[in-house]
Amino acid sequence: MLIQVLFIRGRVPDPVSGFAVTATDGAARAGTLRTAHGEIRTPAFMPVGTKGTVKSVDPDELRGIGTQVLLGNTYHLHFRPGDDLIAELGGLHSFMGWDGPILTDSGGFQVFSLRDTLAAVDDEGVTFRSVYDGAEARFTPELSARIQSNLGSDIAMCFDVCPPAGVPRAELEEAVRLTRLWAERQRAEPRGEGQLLFGIAQGGADPELRRRSIEEIVGLGFDGYALGGLAVGESRDEMFEATAWAAPLLPQTHARYFMGIGDPEGILEVIERGIDMFDCVLPTRTARTGSALTWEGRLNLRNARFARDPRPLDEDCACPACARFSRAYIRHLINQQELLGLRLLSLHNLRFVLELTAGARAAIERGELAGYKANALDRLAAAALEA
Ligand SMILES: [Zn+2]
């Protein structure tokens, strides 16, 4: 393993994909992805800034807790405040005051996950009602490309069809067909300056359809590849099993993005299976429910047992919340719906996930991911038993 690590260390990024694997450990990889706004060291967790903000957290604070890349949302920014307006003001980086890499999703996930608003899907695109005012709207791969070009993200995603788990096989097959058709059209559209474009493979956990989708999307040729259509309601075992056989079907030379995972256990499982990038609203959403991700498990700060607890959320954490404030104080803020409570929990939860990911990267470089993962899962499992 050491020889292999030495051999690939220092490899320059591929001039097209911008990605270089710098170390491997089993199926897991450490790498770098070069973008127009800087390099991303992978594996990387991407905090989600749906509406041009990671809820309640300032960009400097995001940088301070180790954020490398943010995710912005095509669907929401298109409707509010409008991607034309953002372009007029210099693009999303300038608009939101974040000068690091940004990945924008394509809008596909929102359109298909808000199923009540879906009106019609045809070969050209999707008709739906906007969640903002109920007005009829239409997304096509061409429009998704234009919106993401206006936003000026560093990594744009292909507009895909993302059905939930459990749909009939024919519907999954149709999603694979349209995803390929649309990827081919979006690939031909103009992009933002220096913008990378990632393809998305669909096919759920169906081996034949997933394989077909990967072959079709990789055949078109993109700067990186995502596994979409997982973490959409199937069982965890099914999701991890599909990741284990699907990830190696993606090119070794390109970044691999698992869309929509962000819990501590899930992150370690997909990294071990060869995933380089992932995103999830879980750390900030968990904060909004008044809970902290810690090595003692998930702490619900509303619980009375924290009322007189002078300890920080997590003894091992150096985030701004743990550096200065007690569980008792944060509990008080949450119970009184004070804004600072939400901010502190968001900062802490994001840092917990970012640190866990950075630790996994370092473990891959040492060839010790298995031990790192086992130790982390043991600690979290022990905490769950105590709770
Ligand atoms: Zn903390």
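Treat the numbers as computed from the prediction; the structure is a model and nothing was measured.

A. Structural context of the nonpolar core. F45, F128, F139, F222, I271, F278 and L350 are the most contacted members of the largest nonpolar core, which totals 73 residues. In terms of residue count, helix α15 (residues 339-366) provides more of this core than any other element does, 9 residues in total. Not counting residues up to four positions away in its chain, the partners in contact with F278 are P43, A44, F45, M46, Y257, F258, I261, I267, V270, I271 and T357. Listed in part, the 20 residues of the second largest apolar core include A44, L103, M259 and M277.

B. Region of the structure containing the coordination of the zinc ion. For the zinc ion, the protein coordination sphere consists of C317 (SG), C319 (SG), C322 (SG) and H348 (ND1), at 2.1 to 2.3 Å. Summarised as a motif, the one-chain spacing of the donors to the zinc ion is C-x1-C-x2-C-x25-H. Highlighted residues: C317 in the loop between β16 (297-300) and α13 (320-324) and H348 in helix α15, separated in sequence by 31 residues. The pair formed by C317 and H348 is uniform in burial state, with each residue classed as buried.

C. Local environment of helix α7 (residues 141-151). The buried fraction of α7 is high, at 8 of 11 residues. Of all the residues in α7, the buried ones are P141, L143, S144, A145, I147, Q148, N150 and L151. One or two steps after α7, the chain reaches G152, where phi turns positive at roughly 75°.

D. Just the sheet that holds strand β1 (residues 19-25), in detail. Overall, antiparallel pairing links the 3 strands, which are arranged β1-β2-β3 in an open sheet. Two strands lie at the open edges of the sheet, namely β1 and β3 (38-42), each paired on one side alone. Recorded for the sheet is a direction-independent mean angle of 10° between the axes of neighbouring strands.

E. Representation of the pairing of strand β11 (residues 196-201) in the model. Across the 6 residues that make up β11, a large majority, 6, are buried. The side-chain alternation of β11 yields two buried faces, one formed by L196, F198 and I200 and the other by L197, G199 and A201. For strand β10 (residues 155-157) and β11, the ladder comprises 3 bridges, and the chain directions are parallel. Looking at the pairing, A156 lines up with L197 of β11. Strand direction decides the pairing type here: β11 and strand β12 (residues 224-227), joined by 4 bridges, are parallel. What sits directly across from F198, in β12, is G224. Tracing the backbone out of β11, into helix α9 (residues 207-220) and back to the parallel element β12 gives a crossover that is right-handed.

F. The arrangement of the sheet that holds strand β9 (residues 136-139) in detail. Spatially, β7-β8-β9 is the arrangement adopted by the 3 strands of the open sheet, whose pairing is antiparallel. Sheet topology places β7 (118-121) and β9 at the edges, where each strand pairs with a single neighbour. Between one strand axis and the next, the sheet turns by 20° as a mean value, whatever way the strands run. Direction of pairing for strand β8 (residues 126-129) relative to β9: antiparallel, over a ladder of 4 bridges.

G. Just the pairing of β16, in detail. In the sheet, strand β15 (residues 291-294) pairs with β16 via 4 bridges, with the strands oriented antiparallel. Note that in β16 the partner of A292 across the bridge is L299. Between β15 and β16, which pair antiparallel and follow one another directly, the connecting turn spans 2 residues.

Calculation notes
Starting afresh in each chain, residues are numbered from 1 along the sequence in its written order. Reporting of local features is limited, given that this is a predicted model, to residues whose pLDDT is at least 70; pairs of side-chain atoms are given and counted only at 80 or more, and all residues count toward the totals for whole chains, interfaces and linings. To obtain the side-chain values, all non-hydrogen atoms of the structure were used and water was disregarded. Buried residues of nine kinds, namely Ala, Val, Leu, Ile, Met, Phe, Trp, Tyr and Cys, make up a nonpolar core once their side-chain atoms join them within 4.5 Å. Per-residue accessibility, obtained with a 1.4 Å probe over protein chains only, is compared with the maximum for each type, and a residue is labelled buried under 20%, exposed over 50%, and partly exposed between these values. A run of DSSP states H or I qualifies as a helix once it reaches four residues; a run of E qualifies as a strand once it reaches two. Both are numbered from the N-terminal end. Contacts are assigned to residue pairs with any non-hydrogen atoms lying within 4.5 Å of each other. The donor set comprises N, O and S atoms within 2.8 Å of the metal, extended to 3.2 Å for Na, K and Ca; water molecules are omitted, so apparent gaps in a site may simply reflect that omission. Whether two strands pair depends on DSSP finding at least two bridges between them. Convention adopted: a line fitted to C-alpha atoms gives each axis, helices being fitted over their contacting stretch, and angles between N-to-C directions are expressed from 0 to 180 degrees. Think of it like this: strands point away, you trace from the first strand over the helix to the second, and a clockwise trace means the crossover is right-handed.

Shape is all these values report; function is a separate question.
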